[in-house]
Amino acid sequence: MAGAILALAAVFAVSMTVQTGSPLVGAMLFPVGFSMLYLLGFDLLTGVFVLTPLAWLDKRPGVTIGGILRNWALVFIGNFLGAFTVAVMMSIVFTFGFSTEPNEVGQKIAGIGEARTLGYAKYGAAGMLTLFIRGMLCNWMVSTGVVGAMISTSVSGKVIAMWMPIMLFFAMTFEHSIVNMFLFPSGLIMGGKFSILDYLFWNEIPTVLGNLVGGLAFTGLTLYSTHVKTAPQRVSKGSVSVGRAA
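Report follows, based on the coordinates. Just so you know, these numbers come straight off a predicted model, no measurement behind them. (Residues numbered from 1 in each chain as written. Predicted model: local features only at pLDDT ≥ 70, side-chain atom pairs only at ≥ 80, totals over all residues. Heavy atoms only, no water.)

**Thoughts on the overall build of the protein**
The helix and strand inventory of the protein stands at twelve helices and zero strands. Counting from the amino terminus, the protein carries its helices and strands in the arrangement α-α-α-α-α-α-α-α-α-α-α-α. For the protein, the C-alpha radius of gyration of 20 Å lies close to 18 Å, the compact-globule estimate for 246 residues. Reported as C-alpha extents along the three principal axes, the dimensions of the protein are approximately 75 × 40 × 30 Å. If you take every contact in the protein between residues at least 6 apart in sequence, the share linking residues at least 24 apart comes to 79%. In the structure as shown, the protein presents an accessible area of about 12600 Å², 72% of it carried by carbon and sulfur atoms. Taken together, the 13 basic and 8 acidic charged side chains of the protein have centroids lying 18 Å from each other. (Helix = DSSP H or I, 4+ residues; strand = E, 2+ residues; numbered from the N terminus. Rg over C-alpha atoms; globule rule 2.2 N^0.38 Å. Contact = heavy atoms within 4.5 Å. Areas by Shrake-Rupley, 256 points an atom, 1.4 Å probe, with all protein chains shown as cover. Lys, Arg positive; Asp, Glu negative; His and termini not counted. Charge placed at Lys NZ, Arg CZ, Asp CG, Glu CD.)

As C-alpha cells, this is what we get:
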C-alpha cells in the first residue's frame, strides 16, 4: 500500500506540474502521499533501510541480520507490486484503455523515464556516480521526514515535519527508488524509448543502493551516534520481574 499511495502522489504531482507549468507546485503537493502512508502505518523501503539496522546496532532483542534482510526483501516486493499496479491502472486512464496515444501527463511520465535512464547512461561512470549521489541525497531527506514525524506527538506536527524534507527532495529531482517503481514501468507501458535493462541498470539498482547508504549514513547513524550516550537506560524484562518480586 505504501508503494501504491506514493505512486498516486507522483501522478498527482506530475499532473499539477503539467497543468500549472510549474514544477514547484508539483513538489509542494507531492508530500501529501508520504503523509498519508506514514499516518496509516505503511512501510516504505527507504524508511526501513534506516530504522531496522539501528535496532540491530542497539542490540534490540530478536533483531538479526537475517531478519533485517528479510524485512527489506518483503518491503521491496510489496512496494514494487503496489507501485506497478498503479502504473498499469494509470496507463489505462492516460490512454483510454490503450485505445489512444497517452495524454499530456502520460507523455510527461514517459519522458521522465527516458531522461532519467538514458540521460545518465550517456555520461557513463560519471552518470552512474551522479545517480548514486542523487539516491543518497534523496533518502537523507526522506528519512529525516520519517524521524521528524516520530518526534512529533500530533498529526499536524507529523505532517509538517514530513512535508518539508519530502518537498525538498522532489523539487530537487533526487532519485527515490519507490517513486521510480511507478514512473519507469509507466513510461515503458506508454511507449518510452528505453528498455527494462536501462531502467534496472541505469536507475533502479543504483538508486536503491544510494537510498540505503544515504539514509543510513546521513540520518540513522548520525542521529544514533549523537543521542545513544544520552538516551535513558533500558530496563530488561528480567530486571523488572525481579524488582516486582522484591
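So that's the structure; there's more coming.
**Brief notes about the pattern of salt bridges**
All chains considered together, the criterion is met by two salt bridges. As a salt-bridge pair, Arg60 and Asp58 come within 2.8 Å of each other at their nearest N and O atoms. With a relative accessible area of 38%, Arg60 lands in the partly exposed category. (Salt bridge = Lys/Arg side-chain N within 4 Å of Asp/Glu carboxyl O. Buried < 20%, exposed > 50% of the residue type's maximum accessible area, 1.4 Å probe, protein only.)

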